Amino acid sequence: MTKTACVTGGNGYIASALIKMLLEKGYAVKTTVRNPDDMEKNSHFKGLQELGPLSVFRADLDEEGSFDDAIAGCDYAFLVAAPVNLMAEDPEVHNKPVTTNLRCHIPSHIRDGTDRSSHRPGGTACPRCSWRRRRPGSRAEHGISLVTVCPVITAGAAPATRVRTSVIDSLSLLSGDEKGLAVLKGIERTSGAVQLVHVDDLCRAELFVAEEAAAAGRYLCSGLNTTVVELARFLSRKYPQYNVKTDFTDDDQLLEKPRVVLSSAKLAREGFEFRYTTLDEIYDDVVEYGKALGILPY
Ligand SMILES: NC(=O)c1ccc[n+]([C@@H]2O[C@H](COP(=O)([O-])OP(=O)(O)OC[C@H]3O[C@@H](n4cnc5c(N)ncnc54)[C@H](OP(=O)(O)O)[C@@H]3O)[C@@H](O)[C@H]2O)c1
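The protein goes by NmrA-like domain-containing protein in an unreviewed UniProt entry, where it is assigned to Digitaria exilis.

In structure tokens form, the structure reads like this:
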């Protein structure tokens, strides 16, 4: 029987990739956006609708109950929509450890347990509310269980035709985008490494924990740990045409090698296998994607 999944924020980078994967796997998908008429943000839905049944709903995290219709009757709800600002000027945000930031920005997955008719899914639709109300992995209430995937900097191509977040940062050494590079440096300073994951592995991990009955709690999803210096050397070798800066002697806070390794051991223990574990693999398609989006010159 066809399963139905809701993915919130379908015009976002990660959500658009997840919708594509779900449709390709035979799911019916319901997605939400704040403005279904905004064709600049939603143009990729047309191509996705050719892959399978995809319906679009209007919903806003600031409007109580606005996700009810989209989530009603779904087997899974992937709560990916969230305001994202990796370049926050607020110093308090900068000083928080990365794990705290990730906790604030988690895409969460509500797995519908048994009784679909008796719960009101909209009551837990907001990731921020869900997080506050229930400890991750705690016993399901109203037949709903919550599993959380915390991704690191996500790279790779997706259907979304406008991106604002990690694609810009991951390409910053190639594009010369100083703000994006500052994000990478900030992450390295606060967490001891630059962690990367390919969007395809992230979506596979999200689906894995949704479908895996035993999955519970929080899962870190990181394909590899590197540093700005290592990344710059790799990109400079692989894409000489972009004149990547590799001399960072003016920045004595940057690391040669990761000081801390963020591990996805919990995912691996439960049987998940990453497909993209080298810089070569993670950067495989994001450069072409960056060119298509106008982030990088051809
Ligand atoms: N990309 C990463 O490397 C990374 C790393 C760690 C965690 N995450 C988390 O993963 C999730 C998705 O990230 P992303 O990179 O895909 O971000 P994104 O491309 O900016 O997507 C975010 C989506 O959330 C929607 N949204 C924002 N405010 C909303 C609101 N008030 N109500 C409803 N929808 C709202 C946006 O829709 P509009 O177009 O209507 O604004 C957009 O579709 C976020 O929770 C993020 O914090 C991402």
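*Asks:* Pulling in residues and values, what's your account of the packing of aromatic side chains?
*Replies:* Using the criterion set out here, one finds 7 aromatic pairs in the structure. Put simply, the rings of Y27, Y76 and F78 pair up and form one aromatic cluster. Note that K266 overlies the ring of Y219, its terminal NZ or CZ placed 4.3 Å from the centroid.

*Asks:* Quick rundown of the nonpolar core? Include the residues and the values.
*Replies:* Counting 75 residues, the largest nonpolar core has F78 and Y283 as the members making the most contacts within it. Take this core: its biggest share by element is 9 residues, from helix α1 (residues 13-24). Not counting the four nearest positions on each side in its chain, Y283 is found in contact with S170, L171, L196, L231, F234, L235 and Y239. Counting 9 residues, the second largest nonpolar core, distinct from the first, contains L61, I71, A77 and L79.

*Asks:* Lay out empty space enclosed by the protein in plain terms, naming residues and giving numbers.
*Replies:* Taken as a whole, this structure holds 2 cavities of 30 Å³ or more when the rule is applied. For the second largest cavity, the calculated volume is near 30 Å³. Around the second largest cavity sit N11, K41, R162 and R164, which together line it.

So, how was this worked out
Residue positions are given per chain, counted from 1 along the sequence in the order it is written. A pLDDT threshold of at least 70 governs which residues receive local features in this predicted model, and a stricter bar of 80 or more applies before side-chain atom pairs are shown or counted, although totals over entire chains, interfaces and linings include all residues. By convention in this description, side-chain values take in all heavy atoms of the structure and omit both hydrogens and water. Each aromatic pair joins two rings of Phe, Tyr and Trp (for Trp, the six-membered one) with centres within 6.5 Å, and gets the label stacked for planes under 30 degrees apart, edge-to-face for over 60, and tilted for any other angle. By definition here, charges over rings are those cases where NZ of Lys or CZ of Arg is within 6 Å of the ring centre and within 35 degrees of the ring normal. For our purposes a nonpolar core is just a set of buried Ala, Val, Leu, Ile, Met, Phe, Trp, Tyr and Cys residues, chained together by side-chain atoms within 4.5 Å. Think of it in three bands: residues with accessible area under 20% of the maximum for their type are buried, residues over 50% are exposed, and the middle band is partly exposed, with areas taken using a 1.4 Å probe on protein chains only. Segments assigned H or I by DSSP are reported as helices when at least four residues long, segments assigned E as strands when at least two residues long, and all are numbered from the N terminus. Only heavy atoms matter for contacts: two residues are in contact if any of them lie within 4.5 Å across the pair. A cavity here means a set of 1 Å grid points, computed over protein atoms only, where a 1.4 Å probe fits but cannot escape. A pocket is an open set with protein on both sides within 12 Å along at least 5 of 7 lines, and lining residues have an atom within 4 Å of a point. Grid points are joined across faces, edges and corners, and a volume is the space filled by probe spheres set on the points.

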